[in-house]
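Coordinates in review
Single-letter residue listing:
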Amino acid sequence: MAVSSPTSNPESPIENIKRAIGKITLPWGITLGYLSLMLLLPVAAMLLKASTVNPAEFWAIATSPDRPFRLRCHLLYGLNGGIN
């Protein structure tokens, strides 16, 4: 029984990744680009907004009493929109 050595594969992991990225078709590229934009843009805006207040103000905003109610409303509105 032959045992393969780690040097038997001449391609490095980086070469494998480059080859896989090169095989992404246009529809998948558009989909990944759109999802990245829709996820990264709000996160970047949130971090930018959070960086404008000091930690005490941020904690006061995050733990204000009306936050759970707002979250519950957003979830209910989202579910309602998905059902109709």
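The shown structure was predicted, so the numbers you read here are calculated from the model rather than taken from an experiment. (Residues numbered from 1 in each chain as written. Predicted model: local features only at pLDDT ≥ 70, side-chain atom pairs only at ≥ 80, totals over all residues. Heavy atoms only, no water.)

**Examining the overall build of the protein**
Each helix and strand counted, the protein has 4 helices and 0 strands in total. Mapped from its N terminus to its C terminus, the protein presents α and β elements in the order α-α-α-α. In the protein, buried positions account for 2% of the 84 residues. In the form shown here, the protein has an accessible surface area of approximately 7900 Å², with 73% of it arising from carbon and sulfur atoms. (Helix = DSSP H or I, 4+ residues; strand = E, 2+ residues; numbered from the N terminus. Buried < 20%, exposed > 50% of the residue type's maximum accessible area, 1.4 Å probe, protein only. Areas by Shrake-Rupley, 256 points an atom, 1.4 Å probe, with all protein chains shown as cover.)

**Structural notes on a nonpolar patch on the surface**
Together, Tyr34, Leu35, Leu37, Met38, Leu39, Leu40 and Leu41 line one region of the surface with nonpolar side chains, adding up to about 740 Å² of accessible area. Examined against the element boundaries, Leu41 turns out to sit in helix α2 (residues 26–50). (Patch = residues over 30% accessible without salt bridge, like charges linked within 9 Å, V, L, I, M, F, W, Y side chains within 5 Å. Salt bridge = Lys/Arg side-chain N within 4 Å of Asp/Glu carboxyl O.)

**A few points about the confidence of the model for the protein**
Averaged over the protein, the pLDDT score is 76; the fraction of residues at 70 or greater is 67%. The least confident element of the protein is helix α4 (residues 67–83), whose mean pLDDT is 65; the most confident is α2, at 87. (pLDDT = per-residue confidence, 0-100.)

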